[in-house]
Amino acid sequence: MTFEEFGLSEDVMRGLDAMNFKEAIPVQEQTIPVILQKRDLIACAQTGTGKTAAYILPLLNLLTEKQGDGDRVRAVIVAPTRELAQHFLPISTVVVSGGGDGASWDQQKRGLTMGADIIIATPGRLISHLNISNIDFSGVECFILDEACLLYTSELPTKRI
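Caption draft 1: Just the overall build of the protein, in detail. Summing up its helical and strand segments, the protein has six helices and four strands in all. Written out in order from the N terminus, the α and β elements of the protein read α-α-α-β-α-β-α-β-α-β. A total of 161 residues make up the protein; the buried ones form 37% of that total. Counting only contacts in the protein whose residues sit at least 6 apart along the sequence, the fraction spanning at least 24 positions is 68%. Carbon and sulfur atoms form 52% of the exposed surface of the protein, whose accessible area is close to 9,800 Å².

Caption draft 2: Looking closely at the packing of helix H5 (residues 102–114) against helix H6 (residues 123–132). Where H5 meets H6, the axes come as close as 11 Å, and the angle between the chain directions of the two elements is 70°. With respect to H6, the axis of H5 lies roughly perpendicular. The way H5 lies across H6 gives a crossing that is right-handed. Side by side, H5 and H6 meet where Trp105, Gln108, Lys109 and Leu112 of the first sit next to Arg125, Ser128, His129 and Ile132 of the second. When the residues that make up the contact of H5 with H6 are grouped by side-chain class, the tally is three nonpolar, three polar and two charged.

Caption draft 3: Region of interest: the sheet that holds strand S1 (residues 75–78). Overall, parallel pairing links the four strands, which are arranged S2-S3-S1-S4 in an open sheet. The strands lining the two open edges of the sheet, one partner per strand, are strand S2 (93–96) and strand S4 (142–145). For this sheet, the mean inter-axis angle between neighbouring strands, taken without regard to orientation, is 10°. Where S1 lies against strand S3 (residues 118–121), four bridges are found, and the strand directions are parallel. When the bridges of S3 are listed, Val78 appears paired with Ala121.

Caption draft 4: How the structure looks around H5. In this model, H5 (13 residues) spans 18 Å end to end at C-alpha, consistent with the 18 Å of a helix rising 1.5 Å per residue. Along H5, the positions that sit buried rather than exposed are Ser104, Trp105, Gln108, Gly111 and Leu112. For H5, the arc enclosing every buried residue in end-on projection is 130°, short of the 170-degree limit, so these residues lie on one face. Pointing more than 90 degrees away from the buried face of H5 are the exposed residues Gln107 and Met114. For H5, the secondary structure elements touched by its buried residues are S2, S3 and H6. Following H5 by one or two positions, Gly115 adopts a phi angle in the positive range, close to 95°.

Caption draft 5: The packing of helix H2 (residues 26–36) against helix H3 (residues 51–65), seen in detail. Between H2 and H3, the shortest axis-to-axis distance is 9 Å and the interhelical angle comes to 25°. In terms of their interaxial angle, H2 and H3 are classed as roughly parallel. Crossing of H2 against H3: the hand is right-handed. Touching Val27, Gln28, Thr31, Ile32, Ile35 and Leu36 of H2 are Lys51, Ala53, Ala54, Tyr55, Leu57, Pro58, Asn61 and Leu62, all from H3.

Caption draft 6: Molecular detail of the packing of aromatic side chains. All chains considered together, the criterion is met by one aromatic pair. Ring geometry for Phe3 versus Phe6: centroids 6.1 Å apart, planes at 50°, classification tilted. With a relative accessible area of 2%, Phe3 lands in the buried category.

Each value, and the rule that gives it
Residues numbered from 1 in each chain as written. Predicted model: local features only at pLDDT ≥ 70, side-chain atom pairs only at ≥ 80, totals over all residues. Heavy atoms only, no water. Helix = DSSP H or I, 4+ residues; strand = E, 2+ residues; numbered from the N terminus. Buried < 20%, exposed > 50% of the residue type's maximum accessible area, 1.4 Å probe, protein only. Contact = heavy atoms within 4.5 Å. Areas by Shrake-Rupley, 256 points an atom, 1.4 Å probe, with all protein chains shown as cover. Axes fitted to C-alpha atoms, helices over the stretch in contact; angles between N-to-C directions. Parallel < 35°, antiparallel > 145°, perpendicular 65-115°, else oblique. Left-handed = near helix turned anticlockwise from the far one by under 90°. Nonpolar A, V, L, I, M, F, W, Y, C, P; charged D, E, K, R; others polar. Pairing = 2+ DSSP bridges. Expected span 1.5 Å × (residues − 1). Arc of directions from axis to C-beta. Phe/Tyr/Trp six-rings, centres within 6.5 Å; stacked < 30°, edge-to-face > 60°.

Below, the structure is given as structure tokens:
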């Protein structure tokens, strides 16, 4: 399946063309349509199979469909490591991760309180900011937990994609 078949916005398609991405891989074929319909989803796939693009592409598409008011966080992506939290995205983003100095904390706090289209955060640093900073998450339209560790039991019904 080609990315054109998903009906993604021109802006997202220009980005895909610039990266020479033409064909979606299986996890993307199955997840992108679901996310574009604004439905909840749990997807499981091995590392390196394209999961990040499977949620980033429809998220970018949804965020570009209507502009935010500029002073609210619209999406939160929680990623387990600083490396996974440092994606380049062509919309307003704030990366919130540990390992910096006091200046980076203040910069992250300003970004969180002033609002951004997407907050990409490591869990520990996000929790620290939630406990200390005055962050307004009332405008969040999408929450993504990347690389989650899930517990499967016979009592927990799941649909695996």
